[in-house]
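# Secondary and tertiary structure notes
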Amino acid sequence: MKLLFIAFENMETGSSQLERLEYQLTTLSKNNKISILCLNQNDNTYAIKQKYHQVTFYYHRIEYNGWNVLNTEEIIRYVKNIDEQNNFDLIIQMMEVWDLLREFSLSFYKTRKFVAIIHAMPFLGTPINLKKDINIHCKERLKKLDKKSMKYEYIINHYKEVSEVFDKMKVIAANNTVAYYLQHYLKNIEFWTFESFYPKKEEISKTETNSFDFLYMARIEEGKGLEYLEDIFLRLSQKAERKLKIGIAGRIDDHYSKENMEKILALRLNNIEISYLGWVDKAKQRELFSSSKIFLYPSIYDTYSIVLRDAINFGMVAVTWKVPFTLINYRDCPSVKIIPYKDSIKFAEIAMCCLEDKERIALSAKEYICRQPTEEDICNKDIAIYESIAKKNVYNK
């Protein structure tokens, strides 16, 4: 097959949207012709192009104003041009940037070769309580947004397009939570679903310096759980009989989270010592996961969460809220404890119990990890999905 992947970050960034593809590139390119178009302000580095020398890389700048893509027509023309040169079997957009998703679906409607990988429900994100209809749910969401905000203006201009746009293209749900949303809100579309995987982990030597009793890590923005930590830390302090070391890692992405972080760092709690580590790279993440004990992840804005997967993959026990993505993806994992949403007392209680029983829980979780499909199995399943979509296109011509 000849596949063109349209990405929105360069390969060297380590972006979560590229993780799956990066793991698979070597296997994918053995029997398939793989091309990657990076829509970014800069091209991929020479080192990346040498590392993946069997892959053809393209580059085109993308210009944004908020959520609006300013040069959509220019990008569409560029993709059509390289498609004429290569005659791709599938053109796969790796994130749901709506302006491009809508226009690509129209431009390639006759060939039906355009595929979008969907990571969250468009214009709704990761709703906890689903409504009967997507338009009704979007209207309710709009009532809670500032009418002067960029987000409000974009959603009100485009949310009614969802059903029509999805009907004109092929769709891959990035995980089972997205499949759950699609099945509920877009019952008439056909879609495929990627299976989750646990990558092989490197053995990291544990260090006392980065050993925390409790660790929280995320791309820190509203919905990722920082807003619940103050109350959780207060409950932990009330239960602690010794000094507890707590680490917080991640880049702060919005003003709301900055204010919450300032409140947390200003706390003066008995037996609680909080360290903010800021942004940490992949190597530092692995070190923290290997050295720390309990992962606190009270996020509601996820459909799967790579950081949660990585934490348990490195032997941590995790405590989370009972929301769609945890129930759908982690219900059967013995090292993920799912707590009723917003019950901070129970959250802290279970976190302390896990701290005392960490070794036993982690041992049982190893068996769970071992039962998961290998990276090679997942790659073969993904290839089967691409082949299935491509064959459908041939039969429909």
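Residues numbered from 1 in each chain as written. Predicted model: local features only at pLDDT ≥ 70, side-chain atom pairs only at ≥ 80, totals over all residues. Heavy atoms only, no water.

This brings us to the overall build of the chain. What the chain contains, in helices and strands, is 16 helices and 15 strands. Rg of the C-alpha trace for the chain: 22 Å, near the compact-globule value of 21 Å for 397 residues, within the 12% margin. Along the longest, intermediate and shortest principal axes, the C-alpha atoms of the chain span 70 × 50 × 35 Å. Buried positions account for 53% of the 397 residues belonging to the chain. The contacts of the chain with a sequence gap of at least 6 include a subset with a gap of at least 24, amounting to 69%. Summed over its atoms, the accessible surface of the chain is roughly 19100 Å², and 47% of this surface lies on carbon and sulfur atoms. Averaging the coordinates of the 58 positive side-chain charges in the chain and doing the same for the 54 negative ones gives two points 3 Å apart. (Helix = DSSP H or I, 4+ residues; strand = E, 2+ residues; numbered from the N terminus. Rg over C-alpha atoms; globule rule 2.2 N^0.38 Å. Buried < 20%, exposed > 50% of the residue type's maximum accessible area, 1.4 Å probe, protein only. Contact = heavy atoms within 4.5 Å. Areas by Shrake-Rupley, 256 points an atom, 1.4 Å probe, with all protein chains shown as cover. Lys, Arg positive; Asp, Glu negative; His and termini not counted. Charge placed at Lys NZ, Arg CZ, Asp CG, Glu CD.)

On inspection of all chains with the given rule, the structure shows 25 salt bridges. The closest approach of N and O atoms between R20 and D382, which form a salt bridge, is 2.7 Å. Placement of the pair is R20 in helix α1 (residues 16–31) and D382 in helix α16 (residues 375–396), with a sequence separation of 362 residues. For R20, a relative accessible area of 15% gives the class buried. Close ionic contact of R309 with D310 constitutes a salt bridge, the shortest N to O distance being 2.8 Å. (Salt bridge = Lys/Arg side-chain N within 4 Å of Asp/Glu carboxyl O.)

Another point: the nonpolar core. Ranked by internal contacts, the top residues of the largest apolar core, which has 58 residues, are F214, M217, F233, L236, F289, F295 and L296. Excluding residues within four positions of it along the chain, M217 makes contact with A249, V280, Q285, L288, F289, F295, Y297 and V307. Counting 47 residues, the second-largest nonpolar core is a separate cluster that includes L4, Y58, M169 and Y181. (Core = buried A, V, L, I, M, F, W, Y, C linked by side-chain atoms within 4.5 Å.)

Here we take up the sheet that holds strand β8 (residues 170–173). Pairing is parallel in the open sheet, where seven strands are placed in the order β3-β2-β1-β6-β7-β8-β9. Two strands in the sheet have a free side with no partner beyond their single neighbour: β3 (56–60) and β9 (191–193). Sheet twist, expressed as the mean angle between neighbouring strand axes with direction ignored, is 20°. Across the sheet, α1 lies against β1 (2–7) and β2 (33–39), angled at about 155° from β2, the strand it touches most. Taken strand by strand, helix α3 (residues 72–86) contacts β1, β2, β3 and β6 (90–93), and its axis lies near 155° from that of β3. (Pairing = 2+ DSSP bridges. Axes fitted to C-alpha atoms, helices over the stretch in contact; angles between N-to-C directions.)

As summarised here, the arrangement of the six strands in space is β12-β11-β10-β13-β14-β15, forming an open sheet in which the pairing is parallel. Looking at the sheet topology across the chains shown, the edges are occupied by β12 (272–278) and β15 (336–339). Across the sheet, the mean angle from the axis of one strand to that of its neighbour is 20°, orientation sign disregarded. Of the strand pairs in this sheet, strand β10 (residues 214–217) and strand β11 (residues 244–249) are connected by four bridges, and their pairing is parallel. Each residue of the ladder has a partner; that of F214, found in β11, is I246. Across the sheet, helix α10 (residues 255–265) lies against β11 and β12, angled at about 145° from β12, the strand it touches most.

Take the packing of helix α9 (residues 226–239) against helix α14 (residues 344–356) next. Packing of α9 against α14 leaves a shortest axis separation of 8 Å and a crossing angle of 50°. With respect to their mutual orientation, α9 and α14 come out oblique. Of the two elements, α9 crosses α14, and the hand of that crossing is right-handed. For the pair α9 and α14, the contacting residues are D231, I232, R235, L236 and K239 in the first and S344, I345, F347, A348, E349, A351 and M352 in the second. In the contact of α9 with α14, the residues fall into seven nonpolar, one polar and four charged. (Parallel < 35°, antiparallel > 145°, perpendicular 65-115°, else oblique. Left-handed = near helix turned anticlockwise from the far one by under 90°. Nonpolar A, V, L, I, M, F, W, Y, C, P; charged D, E, K, R; others polar.)

Here we take up the confidence of the model for the chain. Looking at the chain as a whole, its pLDDT mean stands at 92, while 96% of the residues score no less than 70. Per-element confidence in the chain ranges from a low mean pLDDT of 84 for helix α15 (residues 358–370) to a high of 98 for β10. (pLDDT = per-residue confidence, 0-100.)

All right, on to the packing of aromatic side chains then. As enumerated under the stated definition, the model contains 20 aromatic pairs in all. Aromatic side chains Y23 and F197 sit 5.5 Å apart centroid to centroid with 85° between the ring planes, which places their arrangement in the edge-to-face category. In this pair, Y23 sits in helix α1 while F197 sits in the loop between β9 and β10, placing the two residues 174 residues apart along the sequence. The class for Y23 is partly exposed, based on a relative accessible area of 37%. (Phe/Tyr/Trp six-rings, centres within 6.5 Å; stacked < 30°, edge-to-face > 60°.)

Among the secondary structure elements, N260 is positioned in helix α10. Those residues within four positions of N260 in sequence are excluded, and the remaining contacts are L226 and E227.

This next bit is on unusual backbone geometry. Phi at F123 is positive, roughly 70°, even though this residue is not glycine. Take F123: it is sitting in the loop between β7 (114–118) and α5 (134–143). Residue classification places F123 among the buried residues on the basis of a relative accessible area of 8%. Phi at S305 takes a positive value of approximately 80°, unusual for a residue other than glycine. On the basis of relative accessibility, which here comes to 5%, the residue S305 falls in the buried class.

Once that is clear, we can look at the pairing of strand β13 (residues 294–297). The side chains of a regular strand alternate between both faces of the sheet. By the alternation rule, side chains of β13 split into I294 and L296 and F295 and Y297, which are all buried. Two strands pair when backbone bridges link them, and β10 and β13 are joined in this way by two bridges, in the parallel orientation. When the sheet's bridge partners are listed, F214 is paired in β13 with I294. As paired elements, β13 and strand β14 (residues 317–321) share four bridges and run parallel to each other. Bridging from a neighbouring strand, F295 pairs with A318 of β14. Regarding the hand of the β-α-β motif, the stretch spanning β13, helix α12 (residues 306–313) and β14 is right-handed. (Right-handed = clockwise from strand over helix to strand, strands pointing away.)

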